[in-house]
Amino acid sequence: MTKTERKVHEPLFHISKRDAVSWKRALLVRVITVLGAFLVSGILSWILIGVDPFTFIGKLFEGIFGTERRIWVMLRNLSILLCIALALAPAFKMRFWNIGAEGQVLMGGLATAICMYYLGDKLPEPVVWLCMIVAGIAAGALWAVIPAIFKAFWNTNETLFTLMMNYIAMQLVSFFTNVWVKDGSGTLKNETHLHGIMLPQLGNMYLLPIIVVALLTAGMFVYLKYSKHGYELSVVGESENTARYIGIDVKKVIIRTMAVSGAICGVAGLLLTGAINGTVTTATAGGQGFTAIIVSWLGKFNPLYMILTSFLVVFLDRGMVPLNLTNDAFSAIITGIVFFIIIGCEFFLSYQIKRRHEKAQTVAAEPALIAETQGEARQIEGAETTSQTAEATAQEETQQGEERAQTPEEEDAALLRKIVDKTGEALKKGADAVADTAKKCAQKVKEGAQRCKAFLSEKFRRKDKPQGGEGPADETAETKETEKTDGEDKAE
Amino acid sequence: MNIISFIASAIRFSTVFLFGSTGETITEKSGHLNLGTPGIMCVGAAFGGWGGMIYVNAAAQINPFLAVFVPLLFTLLGSGLMGLLYSFLTVTLRANQNVTGLMITTFGVGLGKFIKANFGTEFDAAIGKLCGYFRASLPFADKLGWFGELFLSYGILVYLAIAVAIVASVCFSKTRMGLHLRAVGENPATADAAGVNVTGYRYTATIVGSAISGLGGLFYVFDYMGAWDSGLTSTEALGWLAVALVIFTMWKPWLGIFGSILFAALYLLPNYLDVTFAMRDIIKMLPYVVTVIVLVLTSMRKKRENQPPASLGLNYFREER
Amino acid sequence: MEQAVALELNHISKYFGEVVANKDVDLTVYKGEILAVLGENGSGKTTLMNMISGIYFPDEGHIAVNGQPVVIRSPKDAFHYGIGMIHQHFKLVDVFTAGENVALGIKDKRYRLKEVNARVTEIAEKYGFRVDAKKKIYEMSVSEKQTVEIIKVLYRGAEILILDEPTAVLTPQETEKLFAVLRRMRDDGKSILIITHKLHEVLAISDRVAVLRKGEHVATIATAEANESILTEMMVGKKVSLNIDRSEPQNVCDRLVVSHIDCSDREGRKVLDDVSFTARSGEILGIAGIAGSGQRELLEAIAGLQHIDGGEITYFPPAKGENGEEEQGQSEKTKKADGKDAENAQEPQAINLRDKTPMEIRDLGVRLSFVPEDRLGMGLVGNMDIVDNMMLRSYRKGKSAFLDRKDPAHLADDIIRTLEVVTPSAHTPVRRLSGGNVQKVLVGREIAMTPTVLMAAYPVRGLDINSSFAIYNLLNKQKESGVAVIFVGEDLDVLIELCDRIMVIGDGRITGIVDGRTAKKEELGLLMTGNIPAQAEKEEAHDEN
């Protein structure tokens, strides 16, 4: 029981919850975080694959905006990921941890495929489409409602339940594939097995999902913010007791919200199967059900922010294409690191680190301040270690420093300022370089947009017949990378 | 079908699940729902391979002990680091556990593939060279008939997994460390007030748990497959089953020994039966279905001892008490 | 008694931002004594004790144990110096046994649960507790849990025990038992600090009393020299007459008749036992009782949030026109609760509220407002702004699937203006408002529903004196406009000055209903401890005026 020696070390900082940060500052922190994350990933690319950071980031932009096809593919991938993230938003807002989006998407896709397989040759195409839509949405909803019912009535842990439902869905897809595909190849083909049924195309093969998801985004935004349902589910999420107090039927809200969530996942499955891949495989969702959780979370469950976060994911994924990497795992690593950094930085928006309160007396000066409440008036605000907040803090520090008597903190503040200055310089240099690349990219984007415009008008004029399944007929110009991207497209 | 050899291969295969679930149970007991376990198993496999490669390249003559020990050490290191990353994000930076865990999985699978791709065929060669040492069974295994086949015919990792599970079980119920760990997962505020270092326990349990989970990946590659799992898809899928197994065994590692054998048997059963591919899918679905059933039943029965740790998935921040 | 100093506090101060929780407090605790720390809510008692037990660290001043200056950084350090605190909210792991909870955090050389259990039993026997070391906490009653907490502290060899309002959750019998144990511990040479605001307990148990007022230490006096009026004066500064305006009830008539309701908690224990009473329009009915005697369940049962096992809750809507004569007739009636049928005949609109959900109650046209005890956990949503919180009650209005934020925004502005809510704007999350302002928002919203019945549970808890009076005025205004007000309070002085009738609840049963104008504190105190005197029915007779 000799604890005396433990007194020597005590935490230099203590952490407390921050009051809301002004949105301007929050935005600034986030933007800087994302830029920082890119810088880090650029450096990693230098080390790991020998591409210097600025070329790397430039290539990323090229990969996204380089050609009109890339823009289309990016938009389509974005819309599918966003769709799933949108589905999760109401559930998460209700504090229902639906990590079963993967399964709900698959079930949507499977139900769509079932309609294609069994009805494709029996009913006229428009009727089959209708069936596909209804069945896809219903199946997604069903897959979400099952855990919701158990959560509502028996408080069964939804995280674990929905997780298991993913794999049941996967096995079901595999089961149906094996039932339908008799040749032992194990791949379900649109033309051979599903009667070549596809949802109608709008203009080109990319536009339908994009439009559907654009509508869903607007709809979900309104639903969460302005509808009674949206209000109810956020009350349930904030406090079940309050919900009961004002007479909300909590069980009903849980089940209803999950039905909505699952239904939208079903839409994603429907689009993937009926409009993009033309088939369903266990990899149809391709892990996007999980990625969407991250997208939704980082987007603060706000559909508009989620556009940005899902763009970031797609950006990192698709942006790697022009690097022509033999090692396709690099994208996953970079995505991981960028998101780790972003998640880590969220911390600095909701908490603040305060320097320990130091005092002259020897005895009383030692102890750590635990469990400090907010707003210690006499402490230095900040001393955040991150460079992004340090700048702002340094300002405050100097001001406060003048008011104070000479204390050790003064020296630290000077040191901190020095550090800030240096990082500032470095950042400036980096920013210049980025700006250069950005300029180039902007040029490319412009070109891309123009080409895109031309392409669109041409497409609409031509009114091509819908082509079943994968039809990269137009993309002969890009033979260099078609193989690779096609592979990726299929993987979705 | 040969019952003995079926059971023996189920026991052997169960090791993947057992390592995974024992590690995850230790992690979850501290209140961390680490959904990164599948990714951590992939990292474990890749690091094991990396270690093996380094050893094969460095050693003139292969020493049977080091042949197992070096990859093992690398696996513990790699997967332990993933646990450290998870803990840093969730404990120190208070990130959401589900989000962090899922990212660890994505990242881990990517990292595993990346490591493999970096080394290419050299990597495969090392695994091929070393897998024999992993598979070396106990002496007399082939001389004792069914007894030998059932109990002695496995590589060292199989016994290690069972030992780890038993040790973990005993630790939970019989040691102060276990008591403190359970308290941290049940009610961190209380543990904190009682002077238990919540942060320390969460970090330690997660790192140790992850390191153990990683061994599942090592076993799968070096012993069961004897070759790299290309794309790591099976490793990841098995990792999710390991997470399911934790629920299935209601957070009891000793039960995990039997649970993992059951899961392994269900997983392998189709290979021993003359069934269609479609039927195989149904059988493969069973582990998930029974897990759901167990989950539902325990939540309905509300027996307190069988519930998940009360603060599972919740971060602890002292000021919020 | 030997007068060795066990604990000494020197010039301890603690600030929470602008708020001064403790200022320059000096306190001395001797070995073998029970020191009561007395003070009103918010006087800084708990903060001070938390500093001794290592949860907070003082901003200024120092602490000495046994004459040695010490630094207490954490509960661990406090244990090290033999200081143990028993919190109001028990810190126990539910799925552990008593023994496991005791063993938690202890660093003996070896971990043997059996030895721990044996030692627990030994300690229990020494001081006269009864506890089963192998029983799981979730199977225990509140007083058993408290016992485990105390043993936990004793097991660690605590010489200084701090008990934070230990009697708040206990029945009188349990309190007596606890006091007996505390005396035995004192005789064993331990120092005991007991936080309370109940004067009779201070006088009953302590050797000396330290009184805190607004964070400052007023004085410490020997209990033998103290009496209730001296202590009260020290506590509140000068003798305050509350001077709450109380008008005569007008147009009294029955609004809500509760008859014979029973209610049990999740573990099946009875929390309400055959409760019957009547709330009348134009009157404030006070409910007094030890915290946790069933007040919450009672109000929640009326509000439709708590399932009741038996009995009826009947609501009588006001007449369509003006309340006047029609109701005069009603008050003539006898208060026998089972006269309900007769009333039904007379009053066709009588509405049965039993087992209705809050929604159904509202749909029946019953304007029932409820200010729950847990403001931010039940009455309001902390993370939502004032406007959205206003909407909690009204968002369902209209057939549209979308929300109308215009009316709630007006209401929010109204409330901010009329009740002088201090807030940056109507779009500030209520979590960030101070306690008094949060309460104004909540009460304001509930009153805005123009209720016919208004229930308020501890509406002034944690509020400063001005905010409290603002709330009293609001309640009085409601009463004057003919609302039946039900007020659950803890301060007897307030109850006596504010309420027209006071109902006392003890251990889930009504132990008496007395007239607020003639009620005596002692009488209420007696009723609260569960003694049902014959006079309980008395008021029924003389209550027609």
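This write-up is about the structure you can find in this document. All values derive from a computational prediction rather than experimental measurement.

Points about the overall build of chain B
Part 1 of the reasoning: Within chain B one finds 13 helices and zero strands.
Part 2 of the reasoning: Along the chain direction, N to C, the helices and strands of chain B fall in the order α-α-α-α-α-α-α-α-α-α-α-α-α.
Part 3 of the reasoning: For a compact globule of 321 residues, the expected C-alpha radius of gyration is about 20 Å, and chain B comes in at 19 Å, within 12% of that figure.
Part 4 of the reasoning: For chain B, the C-alpha atoms occupy an extent of roughly 60 × 45 × 40 Å along the three principal directions.
Part 5 of the reasoning: Within chain B, buried positions represent 59% of all 321 residues.

Side note on the overall build of chain A
Part 1 of the reasoning: When you go through chain A residue by residue, the secondary structure sums to 18 helices and two strands.
Part 2 of the reasoning: Scored against the burial criterion, the 492 residues of chain A give a buried share of 47%.
Part 3 of the reasoning: The long-range fraction of contacts in chain A, counting pairs at least 24 apart against all pairs at least 6 apart in sequence, stands at 77%.

Looking at the packing of helix H5 (residues 125-154) of chain A against helix H11 (residues 250-277) of chain A
All names here are of chain A.
Part 1 of the reasoning: Closest axis-to-axis distance for the H5/H11 pair is 6 Å, and the angle between their directions is 145°. H5 and H11 meet at a crossing whose hand is right-handed.
Part 2 of the reasoning: Of the residues belonging to the contact of H5 with H11, the class tally is 22 nonpolar, seven polar and two charged.

Quick notes on the sheet that holds strand S15 (residues 351-352) of chain C
All names here are of chain C.
Part 1 of the reasoning: Here four strands make up an open sheet; going across it, the order is S12-S11-S14-S15 and the pairing antiparallel. Taken across any chain shown, the strands that pair with only one partner, and hence form the sheet edges, are strand S12 (270-280) and S15.
Part 2 of the reasoning: Sheet topology note: the strand S11 (residues 254-264)/strand S14 (residues 310-315) ladder contains five bridges and is antiparallel. Of the residues in S14, the one forming a bridge with Val257 is Thr314.

What to know about the sheet that holds strand S6 (residues 83-86) of chain C
All names here are of chain C.
Part 1 of the reasoning: Overall, mixed pairing links the six strands, which are arranged S6-S7-S8-S3-S9-S10 in an open sheet. Edge positions in the open sheet fall to S6 and strand S10 (216-222), since each of these has one partner strand only. Each neighbouring strand pair of the sheet contributes to a mean axis angle of 20°, computed without reference to strand direction.
Part 2 of the reasoning: Note that strand S3 (residues 34-38) and strand S8 (residues 191-196) share five bridges and pair parallel. What sits directly across from Ala36, in S8, is Ile194.
Part 3 of the reasoning: Its contacts with the sheet put helix H6 (residues 172-187) on S3, strand S7 (160-164) and S8, and the angle it makes with S8 is roughly 145°.

Side note on the nonpolar core
Part 1 of the reasoning: Cys83(A), Ile84(A), Ala268(A), Met455(C) and Phe487(C) are the most contacted members of the largest nonpolar core, which totals 384 residues.
Part 2 of the reasoning: Sequence-distant contacts of Ala268(A), that is, excluding residues within four places in its chain, are made with Ile80(A), Cys83(A), Ile84(A), Ala87(A), Val105(A) and Gly108(A).

Quick notes on the interface of chain B and chain C
Many structure descriptions define interface size as the accessible area lost when the parts assemble.
Part 1 of the reasoning: On the side of chain C, 14 residues touch chain B, which itself brings 16 residues to the contact.
Part 2 of the reasoning: Mapped by element, the contributors of at least two residues to the side of chain B that touches chain C are helix H8 (176-186) and helix H9 (188-193) of chain B.
Part 3 of the reasoning: Examining the composition of the side of chain B that touches chain C, we find that five residues originate from one element, H8(B), more than from any other.
Part 4 of the reasoning: Here the residues of the side of chain B that touches chain C are counted per class, giving seven nonpolar, five polar and four charged.

Quick notes on the interface of chain A and chain B
Part 1 of the reasoning: Every contact between the two is made by 44 residues of chain A and, on the other side, 43 residues of chain B.
Part 2 of the reasoning: No other element matches helix H6 (residues 158-180) of chain A, which puts twelve residues into the side of chain A that touches chain B.

Topic: helix H10 (residues 198-225) of chain B
Residue and element names in this part refer to chain B.
Part 1 of the reasoning: The end-to-end C-alpha distance of H10, which contains 28 residues, comes to 39 Å, matching closely the 40 Å that a straight helix rising 1.5 Å per residue would cover.
Part 2 of the reasoning: A bend of about 35° at Phe219 is the largest found in H10.
Part 3 of the reasoning: In terms of burial, H10 is a largely internal element, 23 of the 28 residues being buried.
Part 4 of the reasoning: Of the residues flanking the end of H10, it is Gly226, one or two places downstream, whose phi is positive at about 70°.

Examining the packing of helix H9 (residues 228-238) of chain A against H11(A)
All names here are of chain A.
Part 1 of the reasoning: Here H9 crosses H11 at 115°, and the two axes come no closer than 10 Å. It follows from the interaxial angle that H9 and H11 lie roughly perpendicular. Classified by chirality, the crossing of H11 by H9 is left-handed. Taking contact as the criterion, the partners of Glu232, Leu233 and Val236 in H9 are, on H11, Val250, Val253, Ile254 and Thr257.

A short note on unusual backbone geometry
All names here are of chain C.
Part 1 of the reasoning: For His260, which is not glycine, the phi torsion reads 55° and is therefore positive.
Part 2 of the reasoning: Although it is not a glycine, Asp274 adopts a positive phi angle of roughly 55°.
Part 3 of the reasoning: Note that Asp274 resides in strand S12.
Part 4 of the reasoning: Given 14 C-beta atoms within a 10 Å radius, Asp274 is considered partly exposed.

Considering the pairing of S6(C)
Residues and elements named next belong to chain C.
Part 1 of the reasoning: Residues Ile83 and Met85 line one face of S6 and the alternating positions Gly84 and Ile86 line the opposite face, and both faces are buried.
Part 2 of the reasoning: Bridge count for S6 against S7 is four bridges, and the pairing is parallel. Residue pairing in the sheet places Ile86 in a bridge with Leu163 of S7.

Here is what the cut-offs are and how they apply
Residues numbered from 1 in each chain as written. Chains lettered and ligands numbered in written order. Predicted model: local features only at pLDDT ≥ 70, side-chain atom pairs only at ≥ 80, totals over all residues. Helix = DSSP H or I, 4+ residues; strand = E, 2+ residues; numbered from the N terminus. Rg over C-alpha atoms; globule rule 2.2 N^0.38 Å. Buried ≥ 20, exposed ≤ 12 C-beta atoms within 10 Å, placed from the backbone. Contact = placed C-beta atoms within 7 Å. Axes fitted to C-alpha atoms, helices over the stretch in contact; angles between N-to-C directions. Left-handed = near helix turned anticlockwise from the far one by under 90°. Nonpolar A, V, L, I, M, F, W, Y, C, P; charged D, E, K, R; others polar. Pairing = 2+ DSSP bridges. Core = buried A, V, L, I, M, F, W, Y, C linked by C-beta atoms within 7 Å. Expected span 1.5 Å × (residues − 1). Bend = angle between axes of the 7 residues up to and from the residue. Parallel < 35°, antiparallel > 145°, perpendicular 65-115°, else oblique.

All we've got here are geometric facts, nothing functional implied.
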